[in-house]
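# Close look at the chain arrangement
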Amino acid sequence: MLQQQQGRDYDAIFAEQTETSRREAAAIVPGTTAYDVIIVGSGAAGGMAAYQLATAGVKVLLLEAGRLIDPSREYRTMEWPYASMRRGRLPVDQHAMNVAEYNMIDRPYGTAGPFEKYRKLLSYSGNTFTRSWLVDEKQNPTTGTRYAWVRARALGGKTNLWGRVALRLSDYDFKAASRDGFGEDWPISYADISPYYDKVDTLLGISGTKENIPQLPDSIFQRPLKLNCGEQILKKAIAKMGRHLIPGRAGVTTEGVANRKYRRPCAGRGRCGRGCDLNAAMHSPTALIFPARDTGNLTVRPNSTVSAVLMDNGTNKASGVRVIDSVTREVFDFKARIVILAASTLESTRLLLLSKSADHANGLANSSGAVGHYFCEHIMGPGASGMMPMLRGAPITNDDGRPQSVYIARFRNIGDKHPDFIRGYGFQGGSGSSEYPSHAHSTPGFGSAFKKTVRDNQPAPISISAFGEVLARRENQVALDPSAKDAWGIPVLRFDYRFADNELKMANDMADTAEEMLKAAGAEDIRVRREPLTEGWSIHELGTARMGRDPKTSVTNAFGQTHDVKNLFIVDGSVFVSASCQNPTWTILALCWRAMDYLKEEMRRQNV
């Protein structure tokens, strides 16, 4: 497999998939097939919606703005760094923005002067392995306050490169407002979604350990990952503080799943962020879309940039969507009985705002005025790293062949109330050896002595970084820019979003507790990171079309059905009422499955 992958011509594969996408898109035009449901977006939510409906016999059209991909050939899991002329860097005519540029360059970043010489401008996560999946920010600019918005346009969206952290929310999250008085409770409790978490665990596979932590509910786990020496030392040290360090919970099958046609168990090779060519990690194409397509009930149209949801104003029902072919710029109107938005939080919200009419002057499903508001995510950046002196010179082990390392569960505002901020944060990180010794960057010296120091320290590094909840405030919002447009002539989003006092005080505590825990574990040479990264760095945007019981203050009901338009559903992260501090993908999948069960019953009763 190694030699085969090393010899692949990825530019040729990209060209082939691009041409295949053009042919398949051209073959799918309005009037050729009757669809029950149109789904916009093919990531975690879109894939789950397509799977649930197609396997139930519903005729589905799935629209993806980007191209098709062939995971079996395109994921570059086993390509060695030396196989690339630029050792993982982008081609010279492309550029991935870094944190300083997001902080300092005037908006819109994509058209700023310093980047004129670059043919393609990528989000900060763009690299030689992911560059063909991520958007070109010159074609997709944004305006307003700084925000590092990572967008993927390829079948499967960001599931092709996601971090695989698979965590459940608890009633500490769903009922947070009842605990601290801020914001709104979700219209559901953990008891409502727990059965769907179980279903997702079983269908897709998740690795982890039973821990019985109230604020971090357990899943139906497959074989867990093992902690290495440094992580076990840290675990024992912070247990004395009443804190829980556990093996990372990964959306990866370690023992196999029932549908094995497209997926294989994890082989512990690492490099998961390039896409797993075994498809052990949950990628929407192989885990959900391809099995759904095999039913004969799913049609996938790539190169389909949706510019509006169409309405039949006589009945106040959605009648379909308007599509601009991403390549040819042709415009098509596809019709269906039901429309589902799963384009990712901000893209679905943009579609609602774009879909104005005489009866919906402020955008679709926006009688509450809540669309675009209550934008939330996770603040990250603060943390600490150091060296475990007891591990210097220890034998080298394969510590990076894991899809996850460690997770430290939230411990703030669980029992006691913190005097400076509400809600909480968790830590991700790890210790041990890695394929590339990143600690070499901060190791002084030169020549053979430098190399020996790097080698001796290889098992000893340890690092933890925090993810904290950003409160869902009405003033944190996105709206349509009145003048700026993308490459398809569609108005872009203008951001009005900032971390506030609660997040900044939380960030201070993140840094303090990271240092405290590493010291307790006996780490030396500790470097503390105190500055939060630019807004958006978590890639966990949430909450701009939130669910709720009251149509006057929310956009959807508890099943993602919009209050204003009964046959329009939203199933991505935009329906979140609050962000919690846990990564959102597993919750998005469970909420979507629950919403699709509700939708199928409503279709059976002919209520939509």
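Each value, and the rule that gives it
Residues numbered from 1 in each chain as written. Predicted model: local features only at pLDDT ≥ 70, side-chain atom pairs only at ≥ 80, totals over all residues. Heavy atoms only, no water. Phe/Tyr/Trp six-rings, centres within 6.5 Å; stacked < 30°, edge-to-face > 60°. Helix = DSSP H or I, 4+ residues; strand = E, 2+ residues; numbered from the N terminus. Buried < 20%, exposed > 50% of the residue type's maximum accessible area, 1.4 Å probe, protein only. Expected span 1.5 Å × (residues − 1). Arc of directions from axis to C-beta. Polar contact = N/O pair within 3.5 Å; in protein donor to acceptor, adjacent residues only side chain to side chain. Contact = heavy atoms within 4.5 Å.

Aromatic ring pairs are defined here through the distance separating the ring centres and the angle between the ring planes. Applying the stated criterion across every chain, the model contains 22 aromatic pairs. For the pair Tyr75 and Trp133, a centre-to-centre distance of 5.7 Å together with 85 degrees between the ring planes defines the contact as edge-to-face. Within this pair, whereas Tyr75 is found in the loop between helix H4 (71–74) and strand E3 (94–96), its partner Trp133 is found in the loop between strand E4 (120–122) and strand E5 (143–144), the two being separated by 58 residues in sequence. We classify Tyr75 as buried; its relative accessible area is 0%. According to the relative accessible area criterion, Trp133 is buried, its value standing at 1%. Ring geometry for Trp149 against Phe495: centres 5.9 Å apart, planes inclined by 70 degrees, an arrangement best described as edge-to-face. Of this pair, Trp149 sits in the loop between E5 and helix H6 (171–174) while Phe495 is found in strand E17 (residues 491–496), placing the two residues 346 residues apart along the sequence.

So, on to helix H2 (residues 10–27). With 18 residues, H2 ought to run about 26 Å at 1.5 Å a step, and its terminal C-alpha atoms sit 26 Å apart, in line with that. Listed in full, the buried residues belonging to H2 are Tyr10, Ile13, Gln17, Thr18, Thr20, Ser21 and Ala25. Along the long axis of H2, the arc covered by the buried residues comes to 165 degrees, so they all point the same way. More than 90 degrees from the buried face of H2, the exposed residues found are Asp11, Ala26 and Ala27. The backbone nitrogen of Asp11 has a side-chain oxygen 3.2 Å away, supplied by the residue at the start of H2, namely Asp9.

Position of Glu469 relative to the elements: it lies in strand E15 (residues 461–469). Residue Glu469 is classed as buried on the basis of its relative accessible area, which comes to 3%. Looking at Glu469, its side chain comes within polar contact range of the side chain of Arg423, at 2.8 Å. Setting aside residues up to four positions removed in sequence, Glu469 forms contacts with Glu377, His378, Arg423, Gly424, Glu503, Met506, Ser578, Ala579, Ser580 and Cys581.

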